[in-house]
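Coordinate analysis (summary)
The residues making up each chain are set out below.
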Amino acid sequence: QVQLVESGGGLVQAGGSLRLSCAASGNRFSISAMGWYRQAPGKQRELVAAITSGGITNYRDSVKGRFTISRDNTKNTMYLQMNSLEPEDTAVYYCNALVDFKPTWGQGTQVTVSS
């Protein structure tokens, strides 16, 4: 079974930066689109950023100019560079990927931004 593992979350002050990673591991698999989602308590899960295997990106309006999504297809790893973090960015961040055409989720990593 393919597993997605996020890392890089933590506690940071407003204005700080974090870099999230999502690594896919397994036997043989193919990943098409990947994306970062986040969910705060009592709120719907929302798309933060997405990237296709061809490098086409899409960002939520509130993170444009602050976050950068990227991926290393050789390493089957996706990254989310988060700069100028705001308290509103506080949430559990989830990695999502189409693995052999199957939507797959990571376990999530907590990002907390203090004011």
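Residues numbered from 1 in each chain as written. Predicted model: local features only at pLDDT ≥ 70, side-chain atom pairs only at ≥ 80, totals over all residues. Heavy atoms only, no water.

**Some remarks on the pairing of strand E7 (residues 67-72)**
One face of the sheet, then the other: side chains in a regular strand alternate in exactly this way. Here is the rule: The buried label goes to any residue with under 20% of its type's maximum accessible area, the exposed label to any with over 50%, and the partly exposed label to all in between, with areas taken from a 1.4 Å probe on protein chains only. Each helix is a run of DSSP H or I of at least 4 residues and each strand a run of E of at least 2, with the numbering of both proceeding from the N terminus. A strand pair is defined by DSSP finding two or more bridges across the two strands.
Only one face of E7 is buried: it carries Phe-67, Ile-69 and Arg-71, and the other face, with Thr-68, Ser-70 and Asp-72, is open. Hairpin connection from E7 to strand E8 (residues 77-82): four residues lie between these consecutive antiparallel strands, with Asn-76 at a positive phi of about 55°.

**Regarding the nonpolar core**
We apply this condition: The nonpolar core is taken to be a set of buried Ala, Val, Leu, Ile, Met, Phe, Trp, Tyr and Cys residues, with the residues joined through side-chain atoms within 4.5 Å. Throughout, a residue-residue contact means that at least one pair of heavy atoms, one from each residue, lies within 4.5 Å.
Judged by nonpolar contacts, the single largest core of 28 residues is most densely connected at Trp-36, Leu-80, Met-82 and Tyr-93. When contributions to this core are tallied by element, the ones reaching two or more residues are strand E3 (18-25), strand E4 (31-39), strand E5 (46-51), E7, E8, strand E9 (91-99) and strand E11 (109-114). For this core, the element with the highest residue contribution is E9, accounting for five residues. Among all residues touching Leu-80, those that are not within four sequence positions of it are Leu-18, Arg-19, Leu-20, Trp-36, Val-48, Ala-49, Phe-67, Thr-68, Ile-69 and Tyr-93.

**Digging into the environment of Arg-45**
Selection rule: Polar contacts, as counted here, are pairs of nitrogen or oxygen atoms within 3.5 Å of one another; within protein the pair requires one atom able to donate a hydrogen and one able to accept it, and residues that are adjacent in sequence qualify only if both atoms are side-chain atoms.
Mapped onto the fold, Arg-45 is located in the loop between E4 and E5. Leave out the neighbours within four places in its chain, and Arg-45 touches Tyr-37, Arg-38, Gln-39, Tyr-94 and Trp-105. At 3.3 Å, the side chain of Arg-45 forms a polar contact with the side chain of Gln-39.

**Some remarks on the side chain of Ser-21**
By the secondary structure assignment, Ser-21 is in strand E3. In contact with Ser-21, not counting residues within four places along its chain, are Val-5, Glu-6, Ser-7, Trp-36, Met-78 and Tyr-79.

**Quick notes on the pairing of E3**
Where strand E1 (residues 3-7) lies against E3, five bridges are found, and the strand directions are antiparallel. Residue pairing for E3: Gln-3 is matched across the bridge by Ser-25. Sheet topology places E3 next to E8; six bridges connect them, and they run antiparallel. Following the sheet pairing, Ser-21 is matched in E8 by Tyr-79.

**Re the pattern of salt bridges**
As a reminder of what qualifies: One side-chain nitrogen of Lys or Arg within 4 Å of one carboxyl oxygen of Asp or Glu is enough to make a salt bridge.
This model, assessed by the stated rule, comprises six salt bridges. A salt bridge links Asp-89 to Arg-38; the nearest nitrogen and oxygen atoms lie 3.0 Å apart. Of the two residues, Asp-89 is situated in the loop between E8 and E9 and Arg-38 in strand E4; the sequence distance between them amounts to 51 residues. Taken individually, Asp-89 and Arg-38 each receive the classification buried, so the pair is uniform in this respect. Taking the shortest distance from any N to any O, the salt bridge between Arg-60 and Glu-46 comes out at 3.0 Å. Pair noted here: Arg-60 is in the loop between strand E6 (57-59) and E7 and Glu-46 is in strand E5, with a separation of 14 residues, a long-range link.

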